[in-house]
Amino acid sequence: MQLEFFGAAGEVTGSCHIVRAAGRQVLLDCGMIQGGADAPARNRLPFPFDAASIDAVVLSHAHIDHCGRLPLLVKRGFRGPIYTNAPCADLVPILLRDSAGLALREAERAARDSNGDRAANGERAVPLFDLEDVDAVVKQLVAIPYDTARELFPGITVRVRDAGHILGSSSVELWVAEGPSGGAPPGATRRKLVFSGDLGQYDTPILQDPFRFESADLVLMESTYGNRRHRERQDTERELGAILAQAARDGGNVIVPAFAIGRSQEFLYLLAQHYGEWHLARWKVFLDSPMAISASRVYWKHPDRFDDEASRLRATFRGMPPLPNLVLSETPDDSRAINDLRGGAIIIAGSGMANGGRVLHHLKHNLARPECHVIIVGFQAPGTLGRQLVDRRPEVRIHGQRVPVAAQVHTLGGLSAHGDQDDLLRWYDSFAPRPPVYLVHGEIEAAEALAVKLRERGATATVSQPGLRVDLSDLPALARDPSPT
Ligand SMILES: [Zn+2]
């Protein structure tokens, strides 16, 4: 029995890990690589396994860096079930359909750039996948309830727990058992893995806190903010209030590049919570993203996953947070109409890292204006426009045009969907005894910094690398529940 790292090893995006046990191969996530000029080419590379030989996928959550290459996996021959929780299964089609649209436009652009000479741009002129591949993925999704063990195959059992990161985010418990001949007879070697998925902050708006595990033989853990501390949530909310007050005095617009799933809903929720206190009636709030609008509807459909406060507030919800000045911009015309507004608009639009999508138009119209504000609320991968704004570049390029950055850019780390170093250590501290940890989903510096902290706690911590293999039967048996039943 073996674990092999493939994606999100030594970087944040492209989450994908392979578990081989009991004669089966199960993937944990199959995400897209995002950010960096070479990302499109890397996403097209062959998988280091035969897609048709994969027996099942367990998907932690619907973010594209975790589910984005599922259509490609299916296109290349994968026919097995994709297990995930029910809200995630509702969100995946929304994200992947959008992603197929992006893939198509990217391919059309590549074809155009080659002046009709398709060969010049090679396979880039062919979309990475299309809507038919997405439909196939949707048919292969199998929703499993939270907190209930499910046997996938003899010798492989899974249970998903709330990771508190976005709606429908899971940490995954995976039990594997293998006898000398490969099956799972009595007396087989048994090991338990816990894959953190992406972990949210404690006390995130709307969502429950990340589930706290007790024991495992091996932990696979994200490390996005392994080297950083977010500000206290209350301080962050106060800062957001102050930014909006300043923006109102300055008389410009506020642009919020936000992931359609997660940040958009939480940002709206915060505005609803502080509507009176922050005098928000003077603003018009635009949710300028068909995908975020659809995702919001899924959010409000799953109140069973809400924390107590959100459940209380929901008593007044009607499909959306109670923001009387919220405008849903569904069509491109709705979106274009916002361009005429010189002030008084809070515009929430994707993509979350500003490397595509409608937010580019809003940034193009507002970045050069000192009275405007940009609020960065999520992780920005290197190479993205969002990262350039965080790094305070004086000038950026949008749609081939140079745009000077005169607007005020604010980074609100406290609104991140990811826990910070303290949150990650708090999550790990619930394991006793200390299982070995493999760090994934973090840039090297972040993962190394977290590894140092984990080692101070007596843990064996390894920063994973693509291609690294761990023989699970070599691990000491630490789990107090080596078998799920
Ligand atoms: Zn995520």
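A quick note: this is a predicted structure, and the numbers were derived from the prediction, not measured.

Analysis parameters
- Residues numbered from 1 in each chain as written.
- Predicted model: local features only at pLDDT ≥ 70, side-chain atom pairs only at ≥ 80, totals over all residues.
- Heavy atoms only, no water.
- Pairing = 2+ DSSP bridges.
- Helix = DSSP H or I, 4+ residues; strand = E, 2+ residues; numbered from the N terminus.
- Axes fitted to C-alpha atoms, helices over the stretch in contact; angles between N-to-C directions.
- Contact = heavy atoms within 4.5 Å.
- Donors = N, O, S within 2.8 Å, 3.2 Å for Na, K, Ca; no water.
- Tetrahedral: all angles 85-135°; square planar, octahedral: opposite > 155°, others 65-115°.
- Buried < 20%, exposed > 50% of the residue type's maximum accessible area, 1.4 Å probe, protein only.
- 1 Å grid on protein atoms, 1.4 Å probe; cavity = no way out; pocket = protein on both sides within 12 Å on 5 of 7 lines; lining within 4 Å.
- Points joined across faces, edges and corners; volume = space filled by probe spheres on them.
- Expected span 1.5 Å × (residues − 1).
- Polar contact = N/O pair within 3.5 Å; in protein donor to acceptor, adjacent residues only side chain to side chain.
- Disulfide = S-S within 2.5 Å.
- Phe/Tyr/Trp six-rings, centres within 6.5 Å; stacked < 30°, edge-to-face > 60°.
- Lys NZ or Arg CZ within 6 Å of the ring centre and 35° of its normal.

1. Points about the sheet that holds strand 16 (residues 373-376)
- The strand order across the open sheet formed by 6 strands is 14-13-15-12-16-19, and the pairing between neighbours is parallel. The open sheet terminates on both sides in strands that have one partner only, identified here as strand 14 (326-328) and strand 19 (408-411). Neighbour-to-neighbour, the strand axes of the sheet open up by a mean angle of 20°, direction not taken into account.
- Pairing of strand 13 (residues 284-287) with strand 14 involves 3 bridges; the strand directions are parallel. Counted as the bridge partner of Val285 is Leu326 from strand 14.
- Those strands touched by helix 12 (residues 359-366) are strand 12 (254-257), strand 15 (345-349) and strand 16, and its axis lies near 145° from that of strand 12.

2. A look at the coordination of the zinc ion
- Note on the zinc ion: its protein donors are His61 (NE2), His63 (ND1), His165 (NE2) and Asp198 (OD). The metal-donor distances range over 2.1 to 2.3 Å.
- Around the zinc ion sit 4 donor atoms, and with donor-metal-donor angles ranging over 89 to 167° the site reads as irregular.
- As a motif over one chain, the donors of the zinc ion read H-x1-H-x101-H-x32-D. Here His165 lies in the loop between strand 8 (156-162) and strand 9 (170-178) and His61 lies in the loop between strand 4 (56-58) and helix 2 (64-67), a separation of 104 residues in the sequence.

3. So, the pairing of strand 12
- Here strand 12 shows no split at all, with Val254 and Val256 on one side and Ile255 and Pro257 on the other all buried.
- Judged from the 2 bridges that link them, strand 12 and strand 16 form a sheet pairing that is parallel. Across the sheet, residue Val254 finds its bridge partner in strand 16, namely His373.

4. Structural notes on the layout of surface pockets
- Quantified by volume, the second largest pocket comes out at close to 300 Å³.
- Gln201, Tyr202, Asp203, His230, Arg231, Glu232, Arg233, Gln234, Asp420, Asp422, Asp423 and Arg426 are the residues that line the second largest pocket.
- Breaking the lining of the second largest pocket down by element, the ones donating at least two residues are helix 7 (233-250) and helix 14 (421-428).
- With 3 residues, helix 14 is the single largest residue contributor to the lining of the second largest pocket.

5. What to know about helix 4 (residues 86-113)
- Helix length check: helix 4, at 28 residues, gives a terminal C-alpha distance of 41 Å against a target of 40 Å (1.5 Å per residue), a fit within 8%.
- Looking at where helix 4 begins, the residue whose side-chain oxygen comes 2.9 Å from the main-chain nitrogen of Cys88 is Asn85.

6. Here we look at the state of the cysteines
- A full pass over the atoms with the stated rule returns 0 disulfides.
- Not part of a disulfide, Cys16 finds its nearest cysteine sulfur in Cys30, a span of 4.6 Å.
- Cysteine Cys67 remains unbridged, with the sulfur of Cys88 as its closest cysteine sulfur at 6.8 Å.
- Among the residues examined, Cys67 registers a relative accessible area of 0% and is labelled buried.

7. Digging into the environment of Thr13
- Considering the arrangement of structural elements, one finds Thr13 in the loop between strand 1 (2-7) and strand 2 (16-21).
- Its relative accessible area of 4% is what places Thr13 among the buried residues.
- Through-space distance from the C-alpha of Thr13 to that of Ala381 is 8.3 Å; in sequence the pair is 368 residues apart.
- Leaving out residues up to four positions away in the same chain, Thr13 has contacts with Gly7, Ala8, Met32, Ile33, Gln34 and Asp65.

8. What to know about the packing of aromatic side chains
- Taken as a whole and assessed by the stated rule, the structure comprises 12 aromatic pairs.
- Aromatic side chains Tyr225 and Phe379 sit 5.9 Å apart centroid to centroid with 75° between the ring planes, which places their arrangement in the edge-to-face category. Of this pair, Tyr225 sits in the loop between strand 11 (218-222) and helix 7 while Phe379 sits in the loop between strand 16 and helix 13 (385-390); the two residues are 154 residues apart in sequence, bridging distant segments of the chain.
- Feature note: the residues Phe211, Phe213, Trp427, Tyr428 and Phe431 constitute an aromatic cluster, connected by ring pairs.
- Across from the ring centre of Phe47, 5.2 Å away, lies the NZ or CZ of Arg76, which sits over that ring.
- For the cation-ring pair, Arg426 lies above Tyr202, with the distance from its terminal atom to the ring centre recorded as 3.7 Å.

9. Description of unusual backbone geometry
- Omega for the bond connecting Gly350 with Ser351 falls within 30 degrees of zero, at 10°, which places this linkage in the cis form.
- You can see Ser351 is positioned in the loop between strand 15 and helix 12.
- Cis geometry is adopted by the peptide bond preceding Pro433, which originates at Ala432 and carries an omega value of -5°.
- With respect to the helices, strands and loops of the structure, Pro433 is situated in the loop between helix 14 and strand 20 (437-440).
- Positive phi outside glycine occurs at His279, with the angle close to 50°.
- Within the secondary structure, His279 is located in the loop between helix 8 (263-273) and strand 13.
- Positive phi, close to 55°, is recorded for Ala354, a residue that is not glycine.
- Along the chain, Ala354 falls in the loop between strand 15 and helix 12.
- The buried category is assigned to Ala354, whose relative accessible area is 1%.

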